[in-house]
Amino acid sequence: MDTKKYRFETRQIHAGLDPNIENGSRGVGIYPTAAYRFRSCDYAAKLFELSEPGNIYTRLQNPTTSAYEERIAALYGGVGALALASGMSAILITITALAKQGDNIVASPYLYGGTYNQFRISLRNLGIEVRIAQSEEPEAFAALCDENTKALYVESMGNPTCAVLDLEGLAAVAKEKDIPFVVDNTFGAAGYLCNPFDWGANIVVDSATKWINGHGTAMGGVIVDGGNYNWANGKFPQIDGPSEGYHELNFYETFGSAAFIVKCRVDGLRDFGCCPSPFDAYLMMIGLETLSLRVKQEVETTWRLAEYCRKHPKVERVSFVGFEDHPSYANAKKYYRFGSSAVFTVELKGTLESTVRFVEAQQLAAHMTMIGDSITVITHPASTTHKQLSEADLKAAGVTPTLLRISAGLEHADDLIEDFERAFACVE
């Protein structure tokens, strides 16, 4: 079914479903298979040389996963999507498809701790340099680019600071330098709150574990190809040039605007093997059906909780992009539906010890390293998501000992406020 004419809320339900399926199933089937029977040797040969589409091995594709990928691509308006086992694997496959030893990428100073460590350590060990911009200004990114720069990389909303960068301005820098603009849109909820393609992004990565799944039941990541980058500029011979792994096949000449996402699949999944299970893909599709409803409710609850915390005497400060005093207020209003996300941070008065008491006194809000769940989650970044960072890096990322990241769930806002009040009573 061609769902392009439909709005987001309709696409999140119908995209990827085959209404003509013979058995009349309302939902997508789960295919728990590792391999597929080839109808002939000639057919198999065509599959392996990429001259004919079809299923080879579930490491590369699976009917359930393909339906999920089609839905994701439809929500973003991309030319194709690739499902991965985690958000971190989505980042790894993306960067290694673009850069090799001796190349570099330029990245935002506001990154999730896991991303920061992948960039700072693992990619460095692969010979790929990651240059962190000294500020969020587009000029700071441009200053770090050279002839070996293969991408600009940012998060549409930083984790945990919730900083929203000037996506349009950064897209202009990437266009000037003629390099892809890659955006981690985890906080953008699969394009419902923010769609970076609307502002000039070329590639989107997303942690599907969060709002896409929405219920804390599966891990996953996605890559979405906007199909709007010219790979025939001489900078990416691995995409517009002879492929060593496929008998000199040229991805761009063969697959056109979808060349990048095809490369990520046939090289990235083939070699790194970080594919999701069909059952996890099925859970993601179920989560997507209610995404807009959940996110809208969570944003409304976030406003209530943030207002409550801002007025509480035991709170030092609240950082919420929906408030006019947040440095990213204007950008959030421009790039995000409702002008906010479903996450905010608070810094409590007191010490690390008193902050721990507050967290451990919660009865409804769960202490986890998670966002975008149906359960409200409180995370203490200094001891969890950003634990590996140095003191200087923690300071640069805005992470203090009393900082808490709060991701609102689907509980009644009044129950959450009462739960917070009980927890505050445990703080001296």
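About the criteria used
Residues numbered from 1 in each chain as written. Predicted model: local features only at pLDDT ≥ 70, side-chain atom pairs only at ≥ 80, totals over all residues. Heavy atoms only, no water. Helix = DSSP H or I, 4+ residues; strand = E, 2+ residues; numbered from the N terminus. Rg over C-alpha atoms; globule rule 2.2 N^0.38 Å. Buried < 20%, exposed > 50% of the residue type's maximum accessible area, 1.4 Å probe, protein only. Contact = heavy atoms within 4.5 Å. Pairing = 2+ DSSP bridges. Axes fitted to C-alpha atoms, helices over the stretch in contact; angles between N-to-C directions. Core = buried A, V, L, I, M, F, W, Y, C linked by side-chain atoms within 4.5 Å. Salt bridge = Lys/Arg side-chain N within 4 Å of Asp/Glu carboxyl O. Disulfide = S-S within 2.5 Å. Phe/Tyr/Trp six-rings, centres within 6.5 Å; stacked < 30°, edge-to-face > 60°. Lys NZ or Arg CZ within 6 Å of the ring centre and 35° of its normal. Left-handed = near helix turned anticlockwise from the far one by under 90°.

Peer 1: For this particular structure, what's the right way to read the overall build of the chain?
Peer 2: For the chain, the count of helices and strands is 15 helices and 12 strands. For 428 residues, the compact-globule estimate of 2.2 N^0.38 gives 22 Å, and the chain sits close to it at 22 Å. Over its C-alpha atoms, taken along the principal directions, the chain stretches across nearly 75 × 55 × 35 Å. For the chain, buried positions account for 56% of its 428 residues. Expressed as a percentage of contacts within the chain between residues at least 6 apart in sequence, the contacts between residues at least 24 apart total 72%.

Peer 1: Hey, could you run me through the sheet that holds strand 5 (residues 181–184) in this one?
Peer 2: Consider a sheet: its strands pair through backbone hydrogen bonds, and that pairing is either parallel or antiparallel. With mixed pairing, seven strands are arranged side by side in an open sheet as 1-7-6-5-4-2-3. Two strands bound the open sheet, and with one partner strand each, they are strand 1 (80–84) and strand 3 (129–132). Pairs of neighbouring strands in the sheet enclose a mean axial angle of 20 degrees, with direction left out of account. By the bridge criterion, four bridges tie strand 2 (residues 104–107) to strand 3 in an arrangement that is parallel. Bridged to Ala 107 within strand 3 is Ile 132. Lying on the sheet, helix 4 (residues 87–98) is in contact with strand 1, strand 2, strand 4 (149–155), strand 5, strand 6 (203–207) and strand 7 (221–225); it crosses strand 6 at an angle near 155 degrees. Where helix 9 (residues 259–272) meets the sheet, its contacts fall on strand 1, strand 6 and strand 7, and the angle it forms with strand 1 comes to roughly 25 degrees.

Peer 1: Just to check I follow, could you spell out the sheet that holds strand 8 (residues 315–319) for this structure?
Peer 2: Pairing is mixed in the open sheet, where five strands are placed in the order 8-9-12-11-10. In this open sheet, the two strands that pair with only one neighbour each are strand 8 and strand 10 (366–367). Relative to strand 9 (residues 343–348), strand 8 runs antiparallel, the two sharing four bridges. Residue pairing in the sheet places Ser 319 in a bridge with Thr 345 of strand 9. On top of the sheet, helix 11 (residues 291–311) reaches strand 8, strand 9 and strand 12 (403–407); it is set at about 15 degrees to strand 9, its chief contact.

Peer 1: How do you make sense of the nonpolar core when you look at a structure like this?
Peer 2: Across soluble globular proteins, nonpolar side chains have a tendency to be buried as a group. In this structure, Tyr 68, Ile 72, Leu 152, Phe 181, Ile 212 and Leu 291 are the most contacted members of the largest nonpolar core, which totals 61 residues. Here this core gets six residues from one element, more than from any other, and that element is helix 3 (residues 63–76). Setting aside residues no more than four positions away along its own chain, Ile 212 makes contact with Tyr 68, Ile 72, Ala 190, Asp 206, Val 222, Met 284, Gly 287, Leu 288, Leu 291 and Arg 294. If you look at the next biggest cluster of nonpolar residues, it comprises 43 residues, including Ala 90, Ala 99, Leu 111 and Ile 239.

Peer 1: Hey, could you run me through the pattern of salt bridges in this one?
Peer 2: A complete count under the given rule lists 16 salt bridges for this structure. A salt bridge links Arg 71 to Glu 289, with the shortest nitrogen-to-oxygen separation between them at 4.0 Å. Here Arg 71 is found in helix 3, whereas its partner Glu 289 is found in helix 10 (residues 278–289), with 218 residues between them in sequence. A salt bridge links Arg 317 to Glu 347; the shortest N-O distance between them is 2.9 Å. On the criterion of sequence distance, the pair formed by Arg 317 in strand 8 and Glu 347 in strand 9 is long-range, its members being 30 residues apart. Classification of Arg 317 as partly exposed rests on a relative accessible area of 45%. Here the salt bridges do not stand alone but share partners, grouping Lys 263, Asp 267, Arg 270 and Asp 271 into one network.

Peer 1: Any chance you could explain the state of the cysteines here in plain terms?
Peer 2: Here is the idea: a disulfide is a covalent bond, and it sits between the sulfur atoms of two cysteines. Under the defined criterion, the tally for this structure stands at zero disulfides. In this structure Cys 264 is not part of a disulfide, and its nearest cysteine sulfur, from Cys 274, lies 10.0 Å away. Exposure remark for Cys 264: the relative accessible area of 1% places this residue in the buried category. In this structure Cys 426 is not part of a disulfide, and its nearest cysteine sulfur, from Cys 309, lies 15 Å away. Overall, the relative accessible area of 40% leaves Cys 426 in the partly exposed class.

Peer 1: Any chance you could explain the packing of aromatic side chains here in plain terms?
Peer 2: By convention here, two paired aromatic rings are described through the distance between centres and the angle between planes. Inspection of the entire model under this criterion finds 22 aromatic pairs. Members of the aromatic cluster, joined through ring pairs, are Tyr 229, Trp 231, Phe 236 and Phe 260. For the cation-ring pair, Arg 39 lies above Tyr 43, with the distance from its terminal atom to the ring centre recorded as 3.7 Å. The ring of Phe 236 has Lys 150 lying over it, and the distance from NZ or CZ to the ring centre is 5.4 Å.

Peer 1: What am I meant to see in the packing of helix 3 against helix 10 here?
Peer 2: The geometry of a pair of packed helices is captured by two quantities: the angle between their axes and the separation between those axes. Closest axis-to-axis distance for the helix 3/helix 10 pair is 8 Å, and the angle between their directions is 35 degrees. For the pair helix 3 and helix 10, the sense of crossing is left-handed. On helix 10, the residues that touch Thr 64, Thr 65, Ala 67, Tyr 68, Arg 71, Ile 72 and Leu 75 of helix 3 are Pro 278, Ala 281, Tyr 282, Met 284, Met 285, Leu 288 and Glu 289.

Peer 1: What's the story with the pairing of strand 6 in this structure? I'm lost.
Peer 2: Each regular strand carries side chains that alternate between the two faces of the sheet. Within strand 6, five of the five residues are buried, which leaves it mostly tucked inside the rest of the structure. Burial along strand 6 is two-sided: the residues Ile 203, Val 205 and Ser 207 and Val 204 and Asp 206 are all buried. Relative to strand 6, strand 5 is paired through three bridges, and the arrangement is parallel. Residue pairing across strands places Val 182 opposite Ile 203, the latter belonging to strand 6. In this structure, strand 6 lies alongside strand 7, joined through five bridges in antiparallel fashion. The partner of Asp 206 across the bridge, within strand 7, is Val 222.

Peer 1: Could you clarify how one ought to interpret the environment of Ala 408 in this entry?
Peer 2: The residue Ala 408 is located in the loop between strand 12 and helix 15 (413–424) in this model. Residue Ala 408 is classed as buried on the basis of its relative accessible area, which comes to 0%. Separated by 36 residues in sequence, Ala 408 and Gly 372 place their C-alpha atoms 7.5 Å apart. Aside from chain neighbours lying at most four places away, what touches Ala 408 is Glu 298, Thr 301, Thr 302, Leu 305, Ala 342, Asp 373 and Thr 376.

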